[in-house]
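The chain contents come next:
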Amino acid sequence: MKKLFFFIAVVAGLALCGQESAAQSWDTPTAEGNNVTVRPQENRVSSTAKSQGFIPKGYRGMAEVALGYGFGFASLFSTTHGYQFNPHVFLGGMFGLGSGNNYDDDGYETDLAIRVAVDSRFYITRTRIAPFFGAQVGFELDDDGDGFAYLNAGFGARFALKKKSGLSATLQFGNAL
């Protein structure tokens, strides 16, 4: 429980660190009696990077590796392709291959699965470290022919390495529907 609280505190702190502060301005009279608005010089990223953030608008593709533990150990390799509508909203389709160890009457068995889902993310800030909330709704089919719909929801942060690449860490909670 302490680790979960610490993780939530770190993500909230990262979100607060990324907030922009309002610039002050003042009017200064000139020799002719006209007022000129003076704004202090800001040390920020370029206007193009500022307007689009560190997540550019347009097509985005992501490759992900997920590890989990519930009733047994599970792993998933997936790829998501979609569209970044603005620096905050992403919507795409996900395809994944995974395996998991499940316990049944015969003991542990390993299942292989195919997962297809709609993936959405909402990025809170437009900074190099961008916390986000995400959700996936999809369908999973295992090697026994059993399938089920599922919903995953989670939060995490994207750490920009360059303008078009980054590394994300996410904590997700899932449920079969």
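Each remark here, short or long, concerns the structure printed above.
Residues numbered from 1 in each chain as written. Predicted model: local features only at pLDDT ≥ 70, side-chain atom pairs only at ≥ 80, totals over all residues. Heavy atoms only, no water.

Some details on the side chain of glutamate 64
Consideration 1: Here glutamate 64 lies in strand β3 (residues 58-69).
Consideration 2: For glutamate 64, the side chain forms a polar contact with the side chain of arginine 121, separated by 2.4 Å.
Consideration 3: Excluding residues that lie within four positions of it along the chain, glutamate 64 makes contacts with Leu76, Phe77, Ser78, Thr80 and Arg121. (Helix = DSSP H or I, 4+ residues; strand = E, 2+ residues; numbered from the N terminus. Polar contact = N/O pair within 3.5 Å; in protein donor to acceptor, adjacent residues only side chain to side chain. Contact = heavy atoms within 4.5 Å.)

Looking at the packing of aromatic side chains
Consideration 1: In total, this model carries two aromatic pairs according to the counting rule given.
Consideration 2: With 5.0 Å between their ring centres and 65 degrees between their planes, tyrosine 83 and phenylalanine 85 make a pair best called edge-to-face.
Consideration 3: Since its relative accessible area comes to 34%, tyrosine 83 is described here as partly exposed.
Consideration 4: Seen from their ring centres, tyrosine 123 and phenylalanine 132 are 5.3 Å apart, and the 55 degrees between their planes marks the pair as tilted. The same class applies to tyrosine 123 and to phenylalanine 132, which are both buried.
Consideration 5: A cation over a ring is seen here: arginine 60 above phenylalanine 90, with NZ or CZ 5.3 Å from the ring centre. (Phe/Tyr/Trp six-rings, centres within 6.5 Å; stacked < 30°, edge-to-face > 60°. Buried < 20%, exposed > 50% of the residue type's maximum accessible area, 1.4 Å probe, protein only. Lys NZ or Arg CZ within 6 Å of the ring centre and 35° of its normal.)

Regarding the pattern of salt bridges
Consideration 1: By the definition in use, this model includes two salt bridges.
Consideration 2: We note a salt bridge from arginine 121 to glutamate 64, for which the minimum N-O separation is 2.4 Å. Here arginine 121 is found in strand β6 (residues 107-123), whereas its partner glutamate 64 is found in strand β3, with 57 residues between them in sequence.
Consideration 3: Residue classification places arginine 121 among the buried positions, given a relative accessible area of 8%.
Consideration 4: Note that glutamate 140 is salt-bridged to arginine 115, the shortest N-O span being 2.7 Å. Of this pair, glutamate 140 sits in strand β7 (residues 129-142) while arginine 115 sits in strand β6, and the two are 25 residues apart along the sequence.
Consideration 5: Looking at glutamate 140, the relative accessible area reads 12%, which means it is buried. (Salt bridge = Lys/Arg side-chain N within 4 Å of Asp/Glu carboxyl O.)

Things to note about the nonpolar core
Consideration 1: In terms of nonpolar packing, the biggest core is built from six residues, these being Ile55, Met62, Phe90, Tyr123, Ala130 and Phe132.
Consideration 2: Residues in contact with phenylalanine 132, not counting those within four places in the same chain, are Arg121, Phe122, Tyr123, Ile124, Gly154, Phe155, Gly156, Ala157, Arg158, Ser168 and Thr170. (Core = buried A, V, L, I, M, F, W, Y, C linked by side-chain atoms within 4.5 Å.)

Focus: a negative patch on the surface
Consideration 1: Together, Asp105, Asp106, Glu109, Asp143, Asp144 and Asp146 make up a region of like negative charge exposed at the surface.
Consideration 2: Topologically, aspartate 146 is positioned in the loop between β7 and β8 (147-162).
Consideration 3: Residue aspartate 146 is classed as partly exposed on the basis of its relative accessible area, which comes to 45%. (Patch = residues over 30% accessible without salt bridge, like charges linked within 9 Å, V, L, I, M, F, W, Y side chains within 5 Å. Areas by Shrake-Rupley, 256 points an atom, 1.4 Å probe, with all protein chains shown as cover. Lys, Arg positive; Asp, Glu negative; His and termini not counted. Charge placed at Lys NZ, Arg CZ, Asp CG, Glu CD.)

Re the environment of phenylalanine 73
Consideration 1: Along the chain, the position of phenylalanine 73 falls in strand β4 (residues 73-84).
Consideration 2: Between the C-alpha atoms of phenylalanine 73 and glycine 100, which are 27 residues apart in sequence, the distance is 5.7 Å.
Consideration 3: In contact with phenylalanine 73, not counting residues within four places along its chain, are Leu67, Gly68, Ser99, Gly100 and Asn101.

No statement about biological role is implied by the geometric values presented.
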